[in-house]
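Here is how the chains run, residue by residue.
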Amino acid sequence: MSETKVICFANQKGGVGKTTSAVNIAACLARSGKNVLFIDSDPQGNATSGLGIHKKSIGVGTYDVVIGRAQISEAIIPTSQKGLYIVPAGIDLVGAEIELVDEPNREYRLKDAVKSVSGRYDYIIIDCPPSLGLLTINALTAARYVVIPVLCEYYSLEGLSQLTITISQIRRRYNPEIELLGVLINMFDGRLNLTIAVLEEIKKHFAGKIFRTPVPRSVKISEAPSHGMVITEYDRNGKGAAAYAAITSELMDRCTGNGG
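Nothing here was measured: the structure is a model prediction, and the numbers come from that model.

(A) Quick peek at helix α7 (residues 134–142). Of all nine residues in α7, eight are buried; the element is thus mostly enclosed. Taken residue by residue, α7 has L134, L135, T136, N138, A139, L140, T141 and A142 as its buried positions. Buried positions along α7 lie against β1 (5–9), α5 (94–100), α6 (109–117), β5 (123–127), β6 (145–151) and α8 (154–173).

(B) View of α8. The terminal C-alpha atoms of α8, which comprises 20 residues, lie 30 Å apart, in line with the 28 Å expected from a rise of 1.5 Å per residue. Looking only at α8, the buried set comprises S156, L157, G159, L160, L163, T166, I167 and I170. Those residues of α8 hidden inside the fold are in contact with α7, β6 and α9 (193–205).

(C) The packing of aromatic side chains, seen in detail. Applying the stated criterion across every chain yields a total of two aromatic pairs. When the ring of Y108 is compared with that of Y174, the centres are 5.9 Å apart and the planes differ by 85 degrees; the resulting orientation is edge-to-face. Residue Y108 is found in the loop between α5 and α6, and its partner Y174 is found in the loop between α8 and β7 (179–186); the two are separated by 66 residues along the sequence. Exposure remark for Y108: the relative accessible area of 23% places this residue in the partly exposed category. The exposure class assigned to Y174 is buried, which follows from its relative accessible area of 16%. Above the face of the Y145 ring, R144 is positioned so that its terminal group lies 4.9 Å from the ring centre. The ring of F211 has R254 lying over it, and the distance from NZ or CZ to the ring centre is 4.5 Å.

How each quantity is defined
Residues numbered from 1 in each chain as written. Predicted model: local features only at pLDDT ≥ 70, side-chain atom pairs only at ≥ 80, totals over all residues. Heavy atoms only, no water. Buried < 20%, exposed > 50% of the residue type's maximum accessible area, 1.4 Å probe, protein only. Helix = DSSP H or I, 4+ residues; strand = E, 2+ residues; numbered from the N terminus. Contact = heavy atoms within 4.5 Å. Expected span 1.5 Å × (residues − 1). Phe/Tyr/Trp six-rings, centres within 6.5 Å; stacked < 30°, edge-to-face > 60°. Lys NZ or Arg CZ within 6 Å of the ring centre and 35° of its normal.

The structure is reproduced here in structure tokens:
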């Protein structure tokens, strides 16, 4: 097995399709024959339920791992997708940031956990909470790459600049290897002038880093998580499934140095 690619999906702004993108790309990676571990690091646990795991049934999860109560290997459970495993999360993860505040090496808890299992997987995908707190810092410290999902709205531009500053600080202080793998455009509607204007602005700042395929606005993509399904299950022949398949292919190329 080649070196494990560790990718976190981050944006401190909520409602940008971050979790939806992380879940669907992880599922597409698994469908392509890759062995994938998904780490839900968001206390909302939307990725956990979106992959069909009942949050009330969680025994050991991300919370137990980051506070040092359990090894990550104890928290990994299979999903309904062949080749896709998850470290689930629930609301107890909210307490982790408070509990870790005075702990030594608190920024490296997730990195140490990931390192202990990385050789078993082709990809490890980490879903961050919509904030720039300690859980996100842990994810950015653990990851080799970061994907930033955004909407074509002006508020997204403000969030992007703050996040890129944070990534630069993480690179300087904790993780010199982290790099931006790409900016992923979500809920794209090319008929709107605002969408095109904002996309052009994003291109100015992230030339060559925007994934070629945007994710279209789609009711099916929004509905799928409520059924505990990914889009390739729920609407396998739809435009959303096609978009995520194309993005996943480009993501794999970028990770191996073949994409631009």
